[in-house]
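# Summary of the model geometry
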There are 2 protein chains.
Amino acid sequence: MTDLKTKSEKTRERLLNAAGRIFAEKGYQDATIAEICEQAQANIASVNYHFGDKQTLYLEAWRHAFNHELGQHPPDGGVPRQAPVEQRLAGRIKSLIRRLADDESYSFAIIHKEMAQPTRLLADILEKEINPQRQQMFGLLRECLGQDASEQQLQYCHASIMGQCFQLLRLKQMQQARPLRTLPNDMSDIGAFAEHVVDFSLAGIRAIRSQTLPKRIQA
Amino acid sequence: MTDLKTKSEKTRERLLNAAGRIFAEKGYQDATIAEICEQAQANIASVNYHFGDKQTLYLEAWRHAFNHELGQHPPDGGVPRQAPVEQRLAGRIKSLIRRLADDESYSFAIIHKEMAQPTRLLADILEKEINPQRQQMFGLLRECLGQDASEQQLQYCHASIMGQCFQLLRLKQMQQARPLRTLPNDMSDIGAFAEHVVDFSLAGIRAIRSQTLPKRIQA
DNA sequence: TGCTTTGTTAAATGCGTATTTGAATTAGCA
DNA sequence: TGCTAATTCAAATACGCATTTAACAAAGCA
């Protein structure tokens, strides 16, 4: 250390940040090393020097973004553990949506791209990092749906919620791709949309729950 | 005509079909002309001869797929116009999901890719073709939500429904990308999932509706 | 039958981009 | 200060892939 290390860290870090932004914006294939280096104010060979190749940069950039964002957006949305389940689920949904809407949060935007066009490069790391959060969500859902809910109902409800959340990314992307046409999808008020998704989803969950409960109650 | 024409149509059509499949599977960028021609059993120069370039092939392939699928999946899901609104909305949702789940239906898979990574090539044609269906969906939603629903509530509900539908594509893609790991998202029973989305969404819509109605009723 | 148009083919060509190279520069340290 | 290792840089190199070319084949038509 330290000047040498910090200096080298600087370029490396600038590359990671630029890579996160560009990969999130364009996906793995469409992002070029040249553009990343340009934005990072680094020479084109620096990627090879610091990361070896584009694939590794992709991986490292995702990890870097993901870890960095963990501090910004606590997954529980700040709702205390003692709160009622639905409230905790609501907190989770809102936190997720805020993160998806955050232009500085690259990791989920990259996941979004990765889901649409899997490079398989992130498969392992992604599953390892995302699964815990997923399991927590499943836990909350299980509580909300009641003991009689089937595994399938659980997965379907999870899909319903995540689908709504990711829809935000789709609309964001479409909006910036299309200059000024019809279809004025207004997603500027993220808070309002988050509230909507919570209301919509909780109503959906209660409906599914009440479909399965009666069998037990009526017995 | 006729032998010459049919012969030429054959190659052209094989190219369109193969292109639809490959573009749906890999997206514009990742799909290669070589692979498309290989699957179409056509020479690599045939794309240039019949379509001029890759972009035009992309466009024509989408149009071809979209028109071809219109016959397979009637947008109203076969529900008569006289049926109650919620039933018609349910029919629409189910029809859309069946189409998204259909491995032979390429147009929506391509849209899905296009939404995640816009090439802007389809922007015009897509809007022209999709907007009518979108407007119909909006009409049904307006009826379901009641007169007092705001434009924003309408858009949000639409986003909720479409998000859930497209989630199916994401899960399908992830599944075929990941060999055999955890996260056993079972989307094999499409009918069951469609029913779920309908139940979930109608409950959500009713909840949103009852949020806005009381103001009028209580007055 | 010859002539023209339409389609097909294998082999270039050209371009964009990831990767490599080797020299030049800078930092750490004696 | 001089020496070594780490880092940066401009310029090659390599390679995949869209596009082009020009020869070839088949089909329609006289």
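Each chain has its residues counted from 1, following the order in which its sequence is written. In the order they appear in the text, chains get letters beginning with A and ligands get numbers beginning with 1. Residue-level local features of this predicted model are given only where pLDDT is at least 70; pairs of side-chain atoms are given and counted only at 80 or more, and the full residue set underlies all totals for whole chains, interfaces and linings.

If you look chain A up in an unreviewed UniProt entry, it shows as CerR family C-terminal domain-containing protein from Methylomonas fluvii.

### A few points about the interface of chain A and chain B
Working definition of a contact: two residues with C-beta atoms, positioned from the backbone, lying within 7 Å. Between chain A and chain B, the contact holds 45 residues from the first and 45 residues from the second. Elements are defined by DSSP. Helices are runs of H or I of four residues or more, strands are runs of E of two residues or more, and each kind is numbered from the N terminus. If you list the elements that add at least two residues to the side of chain A that touches chain B, you get helix 1 (3–30), helix 6 (107–116), helix 7 (123–145), helix 8 (151–177) and helix 9 (190–212) of chain A. Here the nonpolar group is Ala, Val, Leu, Ile, Met, Phe, Trp, Tyr, Cys and Pro; Asp, Glu, Lys and Arg are the charged ones; every other residue, Gly included, is treated as polar. Its residues assigned to classes, the side of chain A that touches chain B shows 18 nonpolar, 17 polar and 10 charged.

### Overview of helix 4 (residues 54–72) of chain A
Residue and element names in this part refer to chain A. A rise of 1.5 Å per residue sets the reference length of helix 4, with its 19 residues, at 27 Å; its end C-alpha atoms lie 27 Å apart and thus fit the reference within 8%. Note on burial: count the other C-beta atoms lying within 10 Å of the residue's C-beta; 20 or more is buried, 12 or fewer is exposed, in between is partly exposed, and C-beta positions come from the backbone. Looking at helix 4, one finds that the buried residues are L57, Y58, A61, W62, A65 and F66. Along the axis of helix 4, the buried positions cluster into a sector of 160°, meaning they face one direction only. In helix 4, the exposed positions angled more than 90 degrees off the buried face are occupied by N67 and G71. By this rule, a helix spans an expected 1.5 Å times one less than how many residues it contains. The arc in question is traced by the directions running from the helix axis to the C-beta atoms.

### Quick word on the UniProt feature "DNA-binding region" (unreviewed entry) in chain A
UniProt positions are given in the numbering used here, feature names are shortened, and annotations may be inferred rather than shown by experiment. Within the UniProt annotation, "DNA-binding region" (unreviewed entry) is assigned to residues 32–51 of chain A. Helix and strand shares over residues 32–51 of chain A are 65% and 0% respectively, and the end C-alpha atoms of the span are 15 Å apart.

### Considerations on the relation of the copies chain A and chain B
Expressed as a screw transformation, the operator carrying chain A onto chain B has a rotation angle of 180° and an axial translation of 0.0 Å, and the superposed copies differ by an RMSD of 0.1 Å. Expressed as an axis order, the relation between the two copies is that of a two-fold axis. Within chain A, the C-alpha atom positioned nearest to the axis of rotation is that of G163 of chain A, 2.3 Å from it. A symmetric contact is evident, with 100% of the interface residues of chain A recurring at the interface of chain B. Our superposition of the copies is a least-squares fit, built on the C-alpha atoms of residues whose pLDDT is at least 70 in both.

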